[in-house]
Amino acid sequence: MLTGLKDILSLAEKGNFAVPAFNVYNMETVMGIMEAAEAEHAPVIIQSYSRLFTNKEGYFVSPIVLAAAKKANVPICFHLDHGAGITEVTRALRWGATGIMIDKSTLDFEDNIRETKTVVDMCSAVGIGVEGELGHIGSVSEEISQVYTEAKDAKKFVEDTGVTALAVMVGTAHGRYKKAPKLGIDRIAEIHKATDAALVLHGGSGVPDEEIKAAVKAGIRKINFGTDVCYSFLDKVFETSRDLIAIDLFMKDAIENVKKFGIGKIRLLGAENKA
Ligand code: 13P
């Protein structure tokens with residue numbers, strides 16, 4: 001069933017697990033993730049990057065996610081990931097998102113608060129929870145910042161903006177790591193104690209299982225996986241025989257591989273049988 005960000009994350013807070021948030025790009029990645037969620041009886045967040053809402057893809061992918069969520073017998077939140085601005089946020093709301101992220105983490109603290117709060121006010125008018133970002137989480141192509149989000153700043157940010165969820169910088173980055181990251185587990189625990197917002201770990205692909213488990217134990221409630229959804233899909237596409245012409249048949253193994261990837265992460269985060 002289609003579920004809001006607040007409701008899905010409160011399941012995680014009550015049950016001491018993290019909801020996996022998978023980035024999707026097309027019908028087949030949605031199908032793989034949905035099948036994983038249903039097979040594991042798990043709540044799942046299906047999200048798409050802001051770019052898909054800047055360009056045309058979001059218009060086409062959104063109804064697919066909504067159709068899947070409405071058919072599912074587990075809670076599914078449809079979330080805008082790293083919303084760049086008001087255009088993307090408005091489109092996501094119009095196209096049915098039940099969770100919104102606004103990412104103003106490259107601005108200074110006060111500007112980040114101001115612009116995030118504008119989006120929280122907009123979204124709360126239609127009952128949608130918002131994820132903000134404090135402490136910029138960059139890409140693996142840059143040097144991974146060692147400047148972690150401070151607990152006292154997180155507390156003020158959450159109080160001043162009213163965000164439901166907060167992405168924090170604790171040692172991760174987006175993309176394929178050159179070297180396995182080591183997370184700031186103590187800092188996660190400190191921030192979790194300081195604020196009521198659900199804490200979000202970005203850059204989940206390639207983080208060692210033990211680090212993920214420790215992060216969940218310390219209070220992370222949503223973990224994003226993007227790059228490895230792409231690899232699980234594309235690796236199979238490149239292996240599939242070119243003799244298969246019918247696209248639905250060509251895609252079957254790729255969907256199955258996304259499902260397999262999804263099931264692994266659902267179990268790792270302790271989200272199985274939590275629907
Ligand atoms: P990865 O692509 O590194 O898994 O990060 C995904 C993410 O954090 C999306 O916001």
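Above this text is the structure in question.
We now turn to the structure provided with this report. Note that this is a predicted model, so its numbers are computed, not measured. (Residues numbered from 1 in each chain as written. Predicted model: local features only at pLDDT ≥ 70, side-chain atom pairs only at ≥ 80, totals over all residues. Heavy atoms only, no water.)

Digging into the pairing of strand β8 (residues 220-225)
Right, so step 1: Counting buried residues along β8, six of its six residues qualify, which places the element largely inside the surrounding structure.
Right, so step 2: Pairing analysis gives four bridges linking strand β1 (residues 19-23) to β8, with the strands arranged parallel. Paired with P20 across the bridge in β8 is I223.
Right, so step 3: With three bridges joining them, strand β7 (residues 198-201) and β8 adopt parallel strand pairing. Across the sheet, the residue bridging to L201 is I223, located in β8.
Right, so step 4: The handedness of the β7 to β8 crossover, carried by helix α9 (residues 209-218), is right-handed. (Buried < 20%, exposed > 50% of the residue type's maximum accessible area, 1.4 Å probe, protein only. Helix = DSSP H or I, 4+ residues; strand = E, 2+ residues; numbered from the N terminus. Pairing = 2+ DSSP bridges. Right-handed = clockwise from strand over helix to strand, strands pointing away.)

Concerning the packing of helix α2 (residues 27-40) against helix α12 (residues 252-268)
Right, so step 1: Relative to each other, α2 and α12 sit at 45 degrees, their axes nearing to 7 Å. Taken together, the axes of α2 and α12 lie oblique to each other. Of the two possible hands of crossing, α2 and α12 adopt the one that is right-handed. Contacts between α2 and α12 involve E28, T29, M31, G32, I33, E35, A36, A37, A39 and E40 from the first element and I255, E256, V258, K259, G262, I263, I266 and R267 from the second.
Right, so step 2: Across the contact of α2 with α12, the residue classes tally to nine nonpolar, three polar and six charged. (Axes fitted to C-alpha atoms, helices over the stretch in contact; angles between N-to-C directions. Parallel < 35°, antiparallel > 145°, perpendicular 65-115°, else oblique. Left-handed = near helix turned anticlockwise from the far one by under 90°. Contact = heavy atoms within 4.5 Å. Nonpolar A, V, L, I, M, F, W, Y, C, P; charged D, E, K, R; others polar.)

Focus: the packing of aromatic side chains
Right, so step 1: Evaluation of the coordinates by the stated rule reveals seven aromatic pairs.
Right, so step 2: A ring pair is formed by F53 and F78, whose centres lie 6.5 Å apart and whose planes are at 35 degrees; its orientation type is tilted. With a gap of 25 residues between them, F53 in helix α3 (residues 51-54) and F78 in strand β3 (residues 76-83) connect regions that are remote in the sequence. Per residue, the accessibility class of F53 equals that of F78, and both read buried.
Right, so step 3: Taking the centre distance of 6.2 Å and the plane angle of 85 degrees together, the rings of F225 and F261 count as edge-to-face. (Phe/Tyr/Trp six-rings, centres within 6.5 Å; stacked < 30°, edge-to-face > 60°.)

A word on the nonpolar core
Right, so step 1: Within the largest apolar cluster, 91 residues are counted, with the highest numbers of intra-cluster contacts made by I46, I76, I100, L166 and I223.
Right, so step 2: Top contributing element to this core by residue count: α12, with seven residues. (Core = buried A, V, L, I, M, F, W, Y, C linked by side-chain atoms within 4.5 Å.)

What to know about the pairing of strand β6 (residues 165-168)
Right, so step 1: Neither face of β6 is left uncovered, since the one carrying A165 and A167 and the one carrying L166 and V168 both have all their residues buried.
Right, so step 2: The β-α-β motif built from strand β5 (residues 129-134), the intervening helix α7 (residues 151-161) and the parallel element β6 has right-handed crossover chirality.
Right, so step 3: As paired elements, β6 and β7 share three bridges and run parallel to each other. Bridged to A165 within β7 is A198.
Right, so step 4: Since β6 and β7 lie parallel, the crossover through helix α8 (residues 185-194) that links them has a hand, and here it is right-handed.

Overview of the site of the ligand
Right, so step 1: Near the ligand there are 15 residues, and of these D81, G203, S205, G226 and T227 occur at the shortest range.
Right, so step 2: Separating an oxygen atom of the ligand from a backbone N or O atom of G175 is a distance of 2.9 Å.
Right, so step 3: Separating an oxygen atom of the ligand from a side-chain N or O atom of S205 is a distance of 2.5 Å.
Right, so step 4: Protein coverage of the free-state accessible area of the ligand, which is 310 Å², stands at 99%.
Right, so step 5: Breaking the shell around the ligand down by element, the ones donating at least two residues are β3 and β8.
Right, so step 6: Along the lines of polarity and charge, the residues of the shell around the ligand split into three nonpolar, eleven polar and one charged. (Near = heavy atom within 4 Å. Polar contact = N/O pair within 3.5 Å; in protein donor to acceptor, adjacent residues only side chain to side chain. Areas by Shrake-Rupley, 256 points an atom, 1.4 Å probe, with all protein chains shown as cover.)

Quick look at the pattern of salt bridges
Right, so step 1: What the rule picks out here adds up to 15 salt bridges.
Right, so step 2: E159 is the salt-bridge partner of K155, the closest N and O atoms lying 2.9 Å from each other. Here K155 and its partner E159 are both found in helix α7, four residues apart, which amounts to about one turn of the helix.
Right, so step 3: The exposed category is assigned to E159, whose relative accessible area is 54%.
Right, so step 4: Through salt bridges that share partners, K104, D111, R114 and E115 make up one connected network. (Salt bridge = Lys/Arg side-chain N within 4 Å of Asp/Glu carboxyl O.)

Focus on the state of the cysteines
Right, so step 1: By the definition in use, this model includes zero disulfides.
Right, so step 2: With no disulfide partner, C123 has as its closest neighbouring cysteine sulfur the one in C77, 12 Å distant.
Right, so step 3: Of the residues examined, C123 reaches a relative accessible area of 0% and is grouped as buried.
Right, so step 4: With no disulfide partner, C230 has as its closest neighbouring cysteine sulfur the one in C77, 19 Å distant. (Disulfide = S-S within 2.5 Å.)

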